Amino acid sequence: MLMLSKTDLDPPSFILNGVPGLEDIHVWISLPFCSMYAVAVVGNCGLLYLVCYEDALHKPMYYFLAMLSLTDLVMCSSTIPKALCIFWFHLKEISFVECLVQMFFIHTFTGTESGVLMLMALDRYVAICYPLCYSTILINPVIAKAGLSTFLRGVLLITPFTFLTKRLPYCRGNVIPHTYCDHMSVAKLSCGNIKVNAICGLMVALLIGGFDILCITISYTMILRAVVSLSSAEARQKAFSTCTAHICAIVFSYSPAFFSFFSHRFGSHTIPPSCHIIMANIYLLLPPTMNPVVYGVKTKQIRDCVIRILSSPKDTKSHSI
């Protein structure tokens, strides 16, 4: 009998099939994806530039916003360029190692984004409930350690099931009905036991998402109590207005995530696979696209910095005349 080694069962590459059932309109699907990605790159790079070079934005809230922008850039850039290559040029092949690397980056930075949103909720809690201690509690070393811890949490939790996926034998073909290498989409091509992968993936989702949502909920419960206790309606409105952009960011991040999570488990037979794939991409693309737009519109300090930068060349020209 011919014995196959583990190496023999590792495919040299996978084929990412894009959006199954909608291959004929891949070019049309690519248009909103490309537009949203362009907005995400320009918007988040712009926010990073403002936070780095504008002294008025050298505050804890904006440092956390810079972390969110950097995370969003890596998250969407891990998937959308490859998806556009599939849609435009039919470049569907991805090596086994590249697939694992992409999977690691996607899951690590989605977990990091959830953690940064949690840190931003804690930031708003300290700013509203303990305003006099805000600048002494959230000093730069504390912010840096919090951001690094959030990133390392994602790395440490995602690394095990990346190796679990690598050790699996693959003998059910190499075609992935997706635009990127999702953990379970890759694992389902294995002819080995993937129960450990499924359990590990669910535990990581609960450890990261569950913990972060709990912290966000507790933070906003305390914020709501503090805001309601304020005597002045104007003070209540001003205090709560500082949270509106962050609340929008939470909605944009968690809404598609919840839809993907529950539809895979309870609507797999009623929702077409193409809808699952599109929503999985929106889950990675919507927050990076909308976060800089929302913060740019809702945050006065950012608007003022943008207006000053845009108007300064005109001012310089008028002075020279």
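Residues numbered from 1 in each chain as written. Predicted model: local features only at pLDDT ≥ 70, side-chain atom pairs only at ≥ 80, totals over all residues. Heavy atoms only, no water.

### Some details on the nonpolar core
For soluble globular proteins, the rule of thumb is that nonpolar side chains tend to be buried together.
Then, in step 1: Core analysis: the largest hydrophobic core is formed by 41 residues, its most contacted members being Leu65, Met120, Ile216, Tyr295 and Ile302.
Then, in step 2: Elements represented by at least two residues in this core include exactly α1 (26-53), α2 (60-77), α4 (96-129), α8 (195-228), α10 (244-266), α11 (273-298) and α12 (300-320).
Then, in step 3: With ten residues, α4 is the single largest residue contributor to this core.
Then, in step 4: Here Ile216 is in contact with Leu117, Met118, Ala121, Ile250 and Tyr254, once residues within four sequence places are set aside.
Then, in step 5: With 27 residues, the next largest nonpolar core counts Leu16, Phe33, Tyr37 and Ile277 among its residues. (Core = buried A, V, L, I, M, F, W, Y, C linked by side-chain atoms within 4.5 Å. Buried < 20%, exposed > 50% of the residue type's maximum accessible area, 1.4 Å probe, protein only. Helix = DSSP H or I, 4+ residues; strand = E, 2+ residues; numbered from the N terminus. Contact = heavy atoms within 4.5 Å.)

### So, the sheet that holds strand β1 (residues 13-16)
Then, in step 1: Read across the sheet, three strands follow the order β2-β1-β3 without closing on themselves; strand pairing throughout is mixed. A strand with exactly one partner marks an edge of an open sheet, and here the two such strands are β2 (93-95) and β3 (175-176).
Then, in step 2: Pairing between β1 and β2: three bridges, direction antiparallel. Across the sheet, Ile15 pairs through a bridge with Glu93, a residue of β2.
Then, in step 3: Packed on one face of the sheet, α4 meets β1, β2 and β3 and runs near 85° to β2. (Pairing = 2+ DSSP bridges. Axes fitted to C-alpha atoms, helices over the stretch in contact; angles between N-to-C directions.)

### As for α4
Then, in step 1: Here α4 contains 34 residues, and its C-alpha end-to-end distance of 50 Å stays within 8% of the 50 Å for a straight helix at 1.5 Å per residue.
Then, in step 2: Burial runs high along α4: 27 of the 34 residues are buried. (Expected span 1.5 Å × (residues − 1).)

### So, the UniProt feature "transmembrane region" (unreviewed entry) in the chain
Then, in step 1: Here, the residues flagged by UniProt with the feature "transmembrane region" (unreviewed entry) are residues 25-50, 62-89, 101-122, 198-219 and 239-262.
Then, in step 2: Along residues 25-50 the backbone is 96% helical and 0% strand, and the end-to-end C-alpha distance reaches 38 Å.
Then, in step 3: Annotated as residues 62-89, this span is 93% helix and 0% strand, and its ends, taken at the C-alpha atoms, are 39 Å apart. (UniProt positions renumbered as here; feature names shortened; annotations may be inferred.)

### Considering the pattern of salt bridges
Then, in step 1: Overall, the coordinates contain four salt bridges when judged by the stated rule.
Then, in step 2: Residues Arg153 and Asp212 are paired through a salt bridge, measuring 2.9 Å at the closest nitrogen-oxygen approach. With Arg153 in helix α6 (residues 140-167) and Asp212 in helix α8, this residue pair connects regions lying 59 residues apart in the sequence. (Salt bridge = Lys/Arg side-chain N within 4 Å of Asp/Glu carboxyl O.)

### Concerning the side chain of Asp123
Then, in step 1: Positionally, Asp123 belongs in helix α4.
Then, in step 2: Leaving out residues up to four positions away in the same chain, Asp123 has contacts with Pro60, Met61, Phe64, Tyr134 and Leu138.

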